[in-house]
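Inside the fold
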Amino acid sequence: MILLTDVSDYLGKTILSRLQSSEQWEKIRVIVPPEKNFHIEKYDKTEYVIGRLNDHPFLDKALKDIDTLILNTSNILYDYRALFKALISAAKGNEINHLIYISSVLAEDSSDTIAHECHETELYIYQSGIPYTILRINILMEQLPFFIGNPYENEKIYYPGGNGKINFISSVDVSEVIFHILNNKTSKNKIHILSHENGYTFYDIASKLSQIKRKNIFYEDIDLHIYEEALSQTFLSVDSVNRLCNIARSIKQNKFNI
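**Topic: the nonpolar core**
In terms of nonpolar packing, the biggest core is built from 30 residues, with Ile157, Tyr159, Phe202, Ile247 and Ile251 touching the most fellow members. Listed by contribution, the elements that provide at least two residues to this core are helix H4 (113-128), helix H5 (144-148), helix H8 (202-213), helix H9 (224-232) and helix H10 (238-252). Considering every element that reaches this core, the biggest residue donor is H10, with six residues. Sequence-distant contacts of Phe202, defined by excluding residues within four places in its chain, comprise Leu144, Phe147, Ile148, Ile157, Tyr159, Gly161, Gly164, Ile166, Tyr219 and Ile251. Membership of the second largest hydrophobic core comes to 27 residues, among which are Ile31, Tyr80, Ile96 and Tyr124.

**Things to note about H4**
Working note: α-helix, 3.6 residues per turn, so residues spaced by three or four point in the same direction. Counted at 1.5 Å a residue, the expected span for H4 with its 16 residues is 22 Å, and the 23 Å between its end C-alpha atoms agrees. When H4 is considered as a whole, its buried residues turn out to be Ile114, Ala115, Glu117, Cys118, Thr121, Glu122, Tyr124, Ile125 and Ser128. Along the axis of H4, the buried positions cluster into a sector of 165 degrees, meaning they face one direction only. Buried residues in H4 make contact with helix H3 (81-93), strand S5 (98-104), strand S6 (132-137) and H10.

**Points about the packing of aromatic side chains**
Scanning the model with the defined rule gives ten aromatic pairs in all. On the numbers, 5.2 Å between centres and 75 degrees between planes, the contact of Tyr159 with Tyr227 is edge-to-face. One end of the pair, Tyr159, is in the loop between strand S7 (156-158) and helix H7 (171-182); the other, Tyr227, is in helix H9, with 68 residues separating them in the sequence. You'll find Tyr159 and Tyr227 in the same group, each marked buried. One aromatic cluster in this structure is built from Phe146, Phe147, Tyr159, Phe202, Tyr203, Tyr219 and Tyr227. We note Lys213 situated over the ring of Tyr152; from NZ or CZ to the ring centre the distance is 4.8 Å.

**Let's talk about the pattern of salt bridges**
Taken as a whole, this structure holds 13 salt bridges when the rule is applied. Where Asp221 meets Lys252, a salt bridge forms, and the shortest distance between an N and an O atom there is 3.5 Å. One end of the pair, Asp221, is in the loop between strand S9 (218-220) and H9; the other, Lys252, is in helix H10, with 31 residues separating them in the sequence. Asp221 gets classed as partly exposed once you look at its relative accessible area, which sits at 30%. Three or more residues are tied together by salt bridges with common partners; here these are Asp79, Arg81, Glu117, Glu120, Asp239 and Arg243.

**Thoughts on the sheet that holds strand S1 (residues 2-4)**
The parallel open sheet is built from seven strands, whose spatial order is S3-S2-S1-S4-S5-S6-S8. Pairing within the sheet leaves two strands with one partner each, and these edge strands are strand S3 (46-50) and strand S8 (190-194). Strand-to-strand twist across the sheet, computed as the mean angle between neighbouring axes with direction ignored, equals 20 degrees. Along the sheet, H7 contacts S1, strand S4 (68-71), S5, S6 and S8; its crossing angle with S5, the most-contacted strand, is approximately 155 degrees.

**Concerning the environment of Glu176**
Within the secondary structure, Glu176 is located in helix H7. Glu176 sits 57 residues away from His119 along the chain, and the two C-alpha atoms are 23 Å apart.

**Here's the deal with the packing of helix H1 (residues 10-22) against H7**
At a closest axis distance of 9 Å, the pairing of H1 and H7 adopts a crossing angle of 45 degrees. For the element pair H1 / H7, the angle class is oblique. Judged by the sense of rotation from one axis to the other, the crossing of H1 with H7 is right-handed. Here Tyr10, Leu11, Thr14, Ile15, Arg18, Leu19 and Ser22 of H1 lie close against H7, whose contacting residues are Ser171, Val172, Val174, Ser175, Glu176, Ile178, Phe179 and Leu182. Residue composition of the contact of H1 with H7, by class: nine nonpolar, four polar and two charged.

Quick notes on the rules
- Residues numbered from 1 in each chain as written.
- Predicted model: local features only at pLDDT ≥ 70, side-chain atom pairs only at ≥ 80, totals over all residues.
- Heavy atoms only, no water.
- Core = buried A, V, L, I, M, F, W, Y, C linked by side-chain atoms within 4.5 Å.
- Buried < 20%, exposed > 50% of the residue type's maximum accessible area, 1.4 Å probe, protein only.
- Helix = DSSP H or I, 4+ residues; strand = E, 2+ residues; numbered from the N terminus.
- Contact = heavy atoms within 4.5 Å.
- Expected span 1.5 Å × (residues − 1).
- Arc of directions from axis to C-beta.
- Phe/Tyr/Trp six-rings, centres within 6.5 Å; stacked < 30°, edge-to-face > 60°.
- Lys NZ or Arg CZ within 6 Å of the ring centre and 35° of its normal.
- Salt bridge = Lys/Arg side-chain N within 4 Å of Asp/Glu carboxyl O.
- Pairing = 2+ DSSP bridges.
- Axes fitted to C-alpha atoms, helices over the stretch in contact; angles between N-to-C directions.
- Parallel < 35°, antiparallel > 145°, perpendicular 65-115°, else oblique.
- Left-handed = near helix turned anticlockwise from the far one by under 90°.
- Nonpolar A, V, L, I, M, F, W, Y, C, P; charged D, E, K, R; others polar.

That's the geometry; what it means functionally is another story.
Okay, structure coming up:
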């Protein structure tokens, strides 16, 4: 049986949909945090277990009869290292045969907060001795609206990304790679980097959107402090704001042009 740690975002939903479409697995189990229980789209042939990653008795229950663990919870907004460590420890205790971890394409860049946390999680996995596959992915294409908002309203994209390019990867592509890995047992204890061959600046994105909508949409490279101030006016915590600013800084430095 396969255990998937998150289906609240595009990636988790796409992975689950892809695995279900093959009908190779009789049942797939999904971890659902209590606060998201009523917002999760339910799928057939899927078992949903409600609980938290810091609840050790719950983890043992969630991992019962599991052969493969797919750790795909995003750490963009929150530091999940302690929770991931608890999950990995529980997975070791339950003798999981394979752990697939969705990491960051910048995992070895210690100056990037989120990427550095991903690298520490990778180290936990190595030390656990569980056979693993690490997928270091670039920024997901489906996350683009998270960065640019709705540019059709004011015909502007405001973001402090400069001329930095992003080689976006699709959730569909990631799910296809995971499907291949699950059917190819020789890929254990390997690291794969998933990134598109073409990179795009926010100027490029504005130009593409202008062509699609047949109206002028412009990109304005705003100061990072203005971006930080705008985020501070939202529901986000100070830590989440700092994390998003860190991503913007890495984009401007062209680190995601891989």
